[in-house]
Amino acid sequence: MLNEAEAVDTVLRLMSIPGQSGCEAAVATAIIEILESAGVPADAIQSDNAHRKSPIGGERGNLIVKLPGTVKGPRRLLMGHIDTVPLCVGCQPVREGGQIISRNKATALGGDNRAGAAVVLITAITLLREQIDHPPLTLFWPVQEEIGLVGARYVTLEARQAAALLQLGRRRRMPPSSARRGLSISISASAGWRVTPARIRRRVSAQRSSPPRQSPTWKRPAGMARCNRGSGWVPAMSERSRAGRPRTSCWMNCN
């Protein structure tokens with residue numbers, strides 16, 4: 001089923017495109033071209049304006065694709081961010097045996113997370129081409145992850161689309177005001193530690209000034225929250241309507 005040569009070529013293509021945080025337009029364009037060539041209709045491919053809320057601005061927002069299911073089931077989310085740290089700009093990926101390395105020794109490879117973005121893309125293409133049954137899918141390529149989950153934090157869609165993303169762990173009824181005016185979904189960049197524009201700017205500055213192959217890390221797990229079932233750290237998601245207070249839930253549906 002999986003075309004291994006095509007998968008490797010896709011990874012190499014995405015890794016070779018410069019795209020540090022805030023400069024993801026070129027890699028998003030490449031993903032869109034591949035999706036359209038696989039038969040994904042243009043109206044299923046959408047973008048938001050998350051970058052407009054970022055303290056560094058940016059070329060574009062998140063890339064979001066909704067695919068209808070061929071079988072009934074809850075909508076599933078496949079996700080891989082498309083920005084890299086600045087050290088990856090100029091990468092020249094090549095395959096040597098069973099490994100992919102950068103021919104340019106002065107750069108990092110960019111596998112974080114161009115490899116994950118390629119996995120999401122190849123999975124979607126394979127499902128469509130091979131006509132494999134699948135539930136409804138949302139493909140999500142967020143921007144500006146490396147500087148504090150900015151794209152995921154500020155992803156904003158119309159109420160109909162937002163409701164699809166919220167079906168990750170549990171179904172919720174949106175208040176009438178949200179249905180009329182839209183719903184904003186934000187993913188917290190850390191548990192109990194507020195992400196502010198100033199902190200994001202400091203992280204960007206640290207990335208630009210850090211020694212080769214070193215990148216700053218948060219003191220707390222990014223985008224995580226304590227699981228009520230005692231299984232440790234899990235991704236945290238909060239939904240906020242324009243007319244109500246924020247509600248926080250564990251993606252493992254523990255609350």
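Whatever comes next refers back to the structure up there.
Residues numbered from 1 in each chain as written. Predicted model: local features only at pLDDT ≥ 70, side-chain atom pairs only at ≥ 80, totals over all residues. Heavy atoms only, no water.

## Notes on the side chain of Ser 102
- Its place among the elements puts Ser 102 in strand 5 (residues 99-102).
- There is a polar contact of 3.4 Å between the side chain of Ser 102 and the backbone nitrogen of Gln 92.
- There is a polar contact of 3.0 Å between the side chain of Ser 102 and the side chain of Thr 107.
- The residues touching Ser 102, leaving out its near neighbours within four places in the chain, are Cys 91, Gln 92, Pro 93, Thr 107, Ala 108 and Leu 109. (Helix = DSSP H or I, 4+ residues; strand = E, 2+ residues; numbered from the N terminus. Polar contact = N/O pair within 3.5 Å; in protein donor to acceptor, adjacent residues only side chain to side chain. Contact = heavy atoms within 4.5 Å.)

## Section: the pairing of strand 6 (residues 137-141)
- Among the five residues that make up strand 6, five are buried, leaving the element largely enclosed by the rest of the structure.
- Side-chain alternation along strand 6 places Leu 137, Leu 139 and Trp 141 on one buried face and Thr 138 and Phe 140 on a second face that is also buried.
- As paired elements, strand 2 (residues 63-67) and strand 6 share five bridges and run antiparallel to each other. Bridge pairing links Leu 67 to Leu 137 in strand 6.
- Taken together, the four bridges between strand 3 (residues 76-79) and strand 6 define a ladder with parallel strand orientation. For Leu 78, the partnering residue across the bridge sits in strand 6 and is Leu 139. (Buried < 20%, exposed > 50% of the residue type's maximum accessible area, 1.4 Å probe, protein only. Pairing = 2+ DSSP bridges.)

## Remarks on the packing of helix 2 (residues 25-37) against helix 3 (residues 111-129)
- With their axes 10 Å apart at the nearest point, helix 2 and helix 3 run at an angle of 15° to one another. As far as their axial angle goes, helix 3 and helix 2 are roughly parallel. In the packing of helix 2 onto helix 3, the handedness of the crossing is right-handed. For the pair helix 2 and helix 3, contact is made by Val 27, Ile 31, Ile 34 and Leu 35 and by Arg 114, Leu 121 and Ile 125, respectively. (Axes fitted to C-alpha atoms, helices over the stretch in contact; angles between N-to-C directions. Parallel < 35°, antiparallel > 145°, perpendicular 65-115°, else oblique. Left-handed = near helix turned anticlockwise from the far one by under 90°.)

## A word on helix 1 (residues 4-15)
- Here helix 1 spans 17 Å end to end across twelve residues, near enough to the 16 Å set by a 1.5 Å rise per residue.
- Every buried residue of helix 1 is listed here: Ala 7, Val 8, Thr 10, Val 11, Leu 12, Leu 14 and Met 15.
- In this structure, the buried side of helix 1 is in contact with helix 2, strand 4 (93-96), strand 5 and helix 3.
- If you check the start of helix 1, you find a side-chain oxygen 3.3 Å away from the backbone N of Ala 5, and it comes from Asn 3. (Expected span 1.5 Å × (residues − 1).)

## What about the nonpolar core?
- Grouped together as the largest cluster of nonpolar side chains are 29 residues, with contacts concentrated most on Ile 31, Leu 35, Val 65, Ile 82, Leu 139 and Trp 141.
- Put simply, the parts of the chain that give this core at least two residues each are helix 1, helix 2, strand 2, helix 3 and strand 6.
- Discounting chain neighbours no more than four positions away, the residues touching Leu 139 are Leu 35, Leu 63, Ile 64, Val 65, Leu 67, Leu 78, Val 120 and Ala 124. (Core = buried A, V, L, I, M, F, W, Y, C linked by side-chain atoms within 4.5 Å.)

## Quick notes on the packing of helix 1 against helix 3
- Viewed as axis vectors pointing N to C, helix 1 and helix 3 meet at an angle of 140°, and their least axial separation amounts to 9 Å. The angle between helix 1 and helix 3 falls in the class oblique. In the crossing of helix 1 with helix 3, the sense of the turn from one axis to the other is right-handed. For the pair formed by helix 1 and helix 3, the contact residues are Glu 6, Ala 7, Thr 10, Val 11, Leu 14 and Met 15 on the first element and Gly 111, Arg 114, Ala 115, Ala 117, Ala 118, Leu 121, Ile 122 and Arg 129 on the second.
- Taken together, the residues of the contact of helix 1 with helix 3 sort by class into nine nonpolar, two polar and three charged. (Nonpolar A, V, L, I, M, F, W, Y, C, P; charged D, E, K, R; others polar.)

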